[in-house]
Amino acid sequence: MNFALIYELLDEMVDFGYVQTTSTDILKNFIQTEAVSSKPFSLFDLSNVGLFGAETQQSKVAPSVAASRPIMSSRGEQGGKNEIFVDVIERLSVVIGSNGVLMKSDIQGEIRIKCFLPTCSEMRIGLNEELNIGKSQLKGYSSAVRVDECRFHQAVKLDEFDTFRILKVCPSQGEQTIMQYQLCDELPCAPPFQLFPSVEKDYVNRVLIFLKLRCDLPPKSTALNVSITVPVPKGSVSMSQELSSPDQTAELQPKNKALLWEIPRFPGGAQLSALFNVEVPGLSSASLLEVGPVSMSFELPKQTCTGLQIRFLRLSPTQTGLSQRWVRYVTHSDSYTIRI
């Protein structure tokens, strides 16, 4: 078995006598705890065929979910990879007026760790050096990060926090939240979405709703699972729509008196639009007032609205073997309301 493992690694490292790679980050993907069977070759399926018919390296790499799958030995004993995850999670609540002005904002954030290290006596997490807590005047440059208040897990040591913004904790196996923070009535960055709506009566029993939605994230960022809910007049029976891209979907939900517009991926800097023609028997001018406000839900991977960042992540004692440290950022919409 050991000979077969060494042979497979050498097969990936050397090709026709020439060294291809010695990177442990690449080679570890070929060490599997489960059998990986090769797919039958077909001339009609060239998705896994590389240059000169060679099988591509990507076709052999374990899927991303393999990182979260426990490793089982041949004796049935469960072990764990030397991995630790540090997640910075923020939940955003805003109210935007019909003129596009931000009326209210609130950010609830937390730092959560998920530890799969066999032994770790202490972990040091460095946050932004310019992090300010409280409503006191900011010191330094305008790039300083501020939160109104924060709370820490009882296991967190704060002897280096006031001076160096370093959290020290002895992580236990599993998941725990080590810090919670809040920022009210202030949004350090621009709201991620701006909506430009138009509502008017069309013919006798139809209301025309035109929505133009702009994503104000940086160009390399992407919002995921964007959902826009628009209340419609009571008694709406049918709807036709024109959407700006084929991956979007929309449906009328009469029971909820709303229409739902869904966008799976929304690149930063992009602008999408949708035109809805809703049939409402007995439509009156007063019925138009029932349209809105618009509510949105979305997910912003690799983004924090406060600007809070993990500066470094250090483990003590130094882990033997290869240990993986993952830092992830994500912002979820808690309540995102736009008046029209």
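Everything below is about the structure printed above this text.
Residues numbered from 1 in each chain as written. Predicted model: local features only at pLDDT ≥ 70, side-chain atom pairs only at ≥ 80, totals over all residues. Heavy atoms only, no water.

### Some points on the overall build of the chain
Then comes step 1: Looking only at helices and strands, one finds three helices and 22 strands in the chain.
Then comes step 2: Counting over 340 residues, the chain shows a buried share of 38%.
Then comes step 3: For the chain, contacts bridging at least 24 residues in sequence account for 73% of all contacts bridging at least 6.
Then comes step 4: Accessible area for the chain stands at about 20200 Å²; split by element, carbon and sulfur atoms hold 53% of it. (Helix = DSSP H or I, 4+ residues; strand = E, 2+ residues; numbered from the N terminus. Buried < 20%, exposed > 50% of the residue type's maximum accessible area, 1.4 Å probe, protein only. Contact = heavy atoms within 4.5 Å. Areas by Shrake-Rupley, 256 points an atom, 1.4 Å probe, with all protein chains shown as cover.)

### Re the nonpolar core
Then comes step 1: Ranked by internal contacts, the top residues of the largest apolar core, which has 40 residues, are Phe193, Phe276 and Met296.
Then comes step 2: Among the elements that line this core, the one with the most residues is strand 14 (residues 206-215), at five residues.
Then comes step 3: Discounting chain neighbours no more than four positions away, the residues touching methionine 296 are Phe193, Leu213, Val226, Ser227, Ile228, Ser333, Tyr336 and Ile338.
Then comes step 4: Within the second largest apolar cluster, 27 residues are counted, among which are Ile113, Cys150, Leu308 and Tyr329. (Core = buried A, V, L, I, M, F, W, Y, C linked by side-chain atoms within 4.5 Å.)

### Quick notes on the pattern of salt bridges
Then comes step 1: Tallied over the full model, the rule gives 13 salt bridges.
Then comes step 2: Here arginine 124 ties to glutamate 160 by a salt bridge, and the two come within 2.9 Å at their closest N and O atoms. Here arginine 124, found in strand 7 (residues 122-127), pairs with glutamate 160, found in the loop between strand 10 (149-152) and helix 3 (161-164); they are 36 residues apart in sequence, far enough to count as distant. Pair check on accessibility: arginine 124 and glutamate 160 agree, each one buried.
Then comes step 3: Here arginine 146 and glutamate 186 are joined by a salt bridge, their closest N and O atoms 2.4 Å apart. Placement of arginine 146 in strand 9 (residues 145-147) and of glutamate 186 in the loop between strand 12 (174-184) and strand 13 (193-202) is noted, with a sequence separation of 40 residues between them.
Then comes step 4: Through salt bridges with shared partners, a single ionic network connects Glu110, Arg112, Lys114 and Glu175. (Salt bridge = Lys/Arg side-chain N within 4 Å of Asp/Glu carboxyl O.)

### Concerning unusual backbone geometry
Then comes step 1: With omega at -5 degrees, the peptide bond leading from glycine 292 into proline 293 counts as cis.
Then comes step 2: Here proline 293 is to be found in the loop between strand 19 (271-279) and strand 20 (294-301).

### Focus: the side chain of threonine 306
Then comes step 1: You can see threonine 306 is positioned in the loop between strand 20 and strand 21 (310-316).
Then comes step 2: By relative accessible area, threonine 306 is classed as buried at 4%.
Then comes step 3: Among the polar contacts made by the side chain of threonine 306, one reaches the side chain of glutamate 90 at a distance of 2.4 Å.
Then comes step 4: There is a polar contact of 3.3 Å between the side chain of threonine 306 and the backbone nitrogen of leucine 308. (Polar contact = N/O pair within 3.5 Å; in protein donor to acceptor, adjacent residues only side chain to side chain.)

### Focus: the side chain of glutamate 90
Then comes step 1: As for its position among the elements, glutamate 90 is in strand 5 (residues 83-96).
Then comes step 2: It is arginine 91 that comes nearest to the buried, bridge-free glutamate 90 among opposite-charge side chains, at 9.7 Å.
Then comes step 3: Here the side chain of glutamate 90 touches cysteine 305 through a polar contact of 2.7 Å, landing on its backbone nitrogen.
Then comes step 4: Residues within four places of glutamate 90 in sequence aside, it is in contact with Ile107, Gln108, Gly109, Tyr181, Thr304, Cys305, Thr306, Leu308, Val330, Thr331 and His332. (Lys, Arg positive; Asp, Glu negative; His and termini not counted.)

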